[in-house]
Amino acid sequence: MTLNYVNICNGQLMIGQFTAQQLAQRFGTPLYVMDEKYIRQQAQMFKHSFTHPQLASEVIYASKAFLTLAMCKLIQEEGLSLDVVSGGELYTAQQAGFDMNRVYFHGNNKSLVELKMAVEGGVSTIVLDNEDELEHLLPLLTHSQKVLLRVNPGIEAHTHEYIATTKNDSKFGLSTADPATLSLIDRLISEPMIDFAGLHAHIGSQIFEAESFFMEADALIQFIADHKLPVKELNLGGGFGVAYTLDDNPLSLPEFLHSLLEHIFKTLTSVGLDTMKIMIEPGRSIVANAGTTLYTVGSTKTTINHKNYVFVDGSMADHIRTALYGAQYTAILANRADEICDIPYTVTGKACESGDIIIKEALLPECKKGDILAVCSTGAYHYTMSSNYNRLPRPAVIFISEDQVRMVVRRETYEDLIRNDVGV
Ligand code: LLP
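Residues numbered from 1 in each chain as written. Predicted model: local features only at pLDDT ≥ 70, side-chain atom pairs only at ≥ 80, totals over all residues. Heavy atoms only, no water.

**Focus on the site of the ligand**
In the vicinity of the ligand lie 18 residues, with Ser205, Glu281, Arg284, Arg321 and Tyr381 positioned nearest. Within the complex, the protein chains bury 91% of what would otherwise be the 580 Å² of accessible surface of the ligand. When grouped by side-chain class, the residues that make up the shell around the ligand number six nonpolar, six polar and six charged. A domain-level breakdown of the shell around the ligand finds at least three residues from each of domain 1 (7-35 + 289-417) and domain 2 (36-287). (Near = heavy atom within 4 Å. Areas by Shrake-Rupley, 256 points an atom, 1.4 Å probe, with all protein chains shown as cover. Nonpolar A, V, L, I, M, F, W, Y, C, P; charged D, E, K, R; others polar. Domains from an automatic or database assignment.)

Encoded structure:
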């Protein structure tokens with residue numbers, strides 16, 4: 001038994017109509033494979049499920065999860081908006097020709113250069129994180145700029161500490177419990193060049209409990225009602241969890257998204273508030289399960305304590321989430337995917353670091369040199385969090401759609417690695 005989006009046919013792991021082995025042979029390994037059809041389906045599912053007859057709504061893709069020029073184009077074609085958090089993400093969107101009227105610019109420490117780029121680029125909305133950002137923004141404005149303020153409603157979501165964001169001591173946003181937050185909102189309302197549209201919050205990532213999102217919405221709506229804030233837009237952020245292993249139990253998103261908007265509508269009515277536009281910013285839930293990383297097995301080793309290692313040709317440089325968050329993954333021996341998986345292996349790579357662990361314990365058939373090992377659900381926060389540690393070139397990224405395959409990021413070369421080195 002394996003994850004329900006994994007397709008195995010005649011002992012071969014399939015991605016679209018290709019075997020993983022074919023893709024590995026054609027493009028080399030390590031390789032990030034993205035199932036484009038799956039990404040488009042997820043985007044459409046969000047778009048169609050996050051609707052309500054009495055509430056305007058908008059789905060904004062959080063590009064930090066996975067961003068390339070091709071991905072920007074895909075998101076535009078599917079009719080979603082885009083959340084960017086840096087000049088680099090914004091630049092990528094601009095270069096892809098993404099409609100700036102559908103871009104939200106986030107970040108807790110936007111530089112002057114980034115703010116200027118956003119204003120001059122005509123970004124629809126700047127999500128301010130603190131008062132300093134307002135001070136930086138005001139002198140740049142020649143026209144009214146729509147802004148949201150990121151607040152922190154103090155909801156504790158059950159997730160890894162590094163990806164939980166709205167505890168009161170979080171580095172992000174301003175606490176709704178802090179009187180200074182209200183003073184800043186008053187100021188935003190009265191600034192002539194600022195179009196204060198409303199509030200943004202994001203309670204964390206990889207969340208499985210519907211209740212956390214309901215509580216977030218309730219807390220924000222209560223805050224708006226208590227202080228009679230002129231809010232037209234309420235952005236609840238992302239964070240919808242996905243299955244990396246069979247132990248993960250994500251929300252059924254189509255039903256959940258409907259119920260979230262219905263819940264919000266009832267809460268708004270119960271506190272006597274007008275309708276407002278509700279936004280969400282999914283990242284991981286759009287792309288994580290679309291991605292598979294393919295590696296080639298180099299060798300194996302069994303220690304005197306009977307610990308089995310399988311060494312692959314990637315590393316923590318292309319797969320950091322296990323080392324960083326203790327994240328769990330599912331591995332498949334792609335070219336012998338119907339064999340019994342009864343050998344516990346630690347899947348590790350070629351980085352000079354004991355913490356270079358891709359999967360702490362994966363049950364696999366006996367692995368041999370040249371086998372193709374697939375790690376599932378690597379579409380979110382893998383390519384975007386990859387590094388050149390040990391001067392390892394980053395893998396290529398390919399998009400698969402049924403029988404179509406195209407490269408969207410080429411594999412880095414050794415020349416790429418020294419391209420920015422100067423002073424010799
Ligand atoms: N909106 C805001 C303001 C965010 O900060 C994030 C994620 C999202 C939306 C999208 O969240 P998602 O739907 O993807 O959970 N590198 C970590 C995740 C960090 C998430 C940061 N913010 C990981 O690999 O798990």
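Moving on from the model shown.
**Describing the sheet that holds strand 1 (residues 7-9)**
The three strands are arranged 1-2-3 in an open sheet whose pairing can be described as antiparallel. Each of the sheet's edge strands pairs with one partner strand only, and the pair in question is strand 1 and strand 3 (18-19). Direction of pairing for strand 2 (residues 12-15) relative to strand 3: antiparallel, over a ladder of two bridges. Bridging across to strand 3, Met14 finds its partner in Thr19. (Pairing = 2+ DSSP bridges. Helix = DSSP H or I, 4+ residues; strand = E, 2+ residues; numbered from the N terminus.)

**Description of the domain arrangement of the protein chain**
By the assigned domains, the protein chain splits into domain 1 (7-35 + 289-417) and domain 2 (36-287). Between the C-alpha centres of domain 1 and domain 2 there is a distance of 32 Å. Taken together, the contacts link 25 residues of domain 1 with 22 residues of domain 2. For the pair domain 1 and domain 2, the summed buried area comes to about 2,200 Å², and 58% of that belongs to carbon and sulfur atoms. Lys37 is paired through a salt bridge with Glu402; the nearest N and O atoms lie 2.3 Å apart. Linking domain 1 with domain 2 are 14 residue pairs in polar contact (both at pLDDT 80 or more). The element contributing the most residues to the side of domain 1 that touches domain 2 is strand 20 (residues 396-401), with four residues. Its residues assigned to classes, the side of domain 1 that touches domain 2 comprises 13 nonpolar, eight polar and four charged. (Contact = heavy atoms within 4.5 Å. Buried area = accessible area lost by both parts, 1.4 Å probe. Salt bridge = Lys/Arg side-chain N within 4 Å of Asp/Glu carboxyl O. Polar contact = N/O pair within 3.5 Å; in protein donor to acceptor, adjacent residues only side chain to side chain.)

**Considerations on helix 7 (residues 179-190)**
With twelve residues, helix 7 extends 17 Å from end C-alpha to end C-alpha; this agrees with the ideal 16 Å at 1.5 Å per step. Taken residue by residue, helix 7 has Thr181, Leu184, Ile185 and Leu188 as its buried positions. For helix 7, the arc enclosing every buried residue in end-on projection is 100°, short of the 170-degree limit, so these residues lie on one face. Exposed and oriented more than 90 degrees from the buried face of helix 7 are Pro179 and Ser190. Buried positions along helix 7 lie against strand 8 (125-128), helix 6 (131-137), strand 9 (145-152), strand 10 (174-175), strand 11 (194-200) and helix 8 (210-226). (Expected span 1.5 Å × (residues − 1). Buried < 20%, exposed > 50% of the residue type's maximum accessible area, 1.4 Å probe, protein only. Arc of directions from axis to C-beta.)

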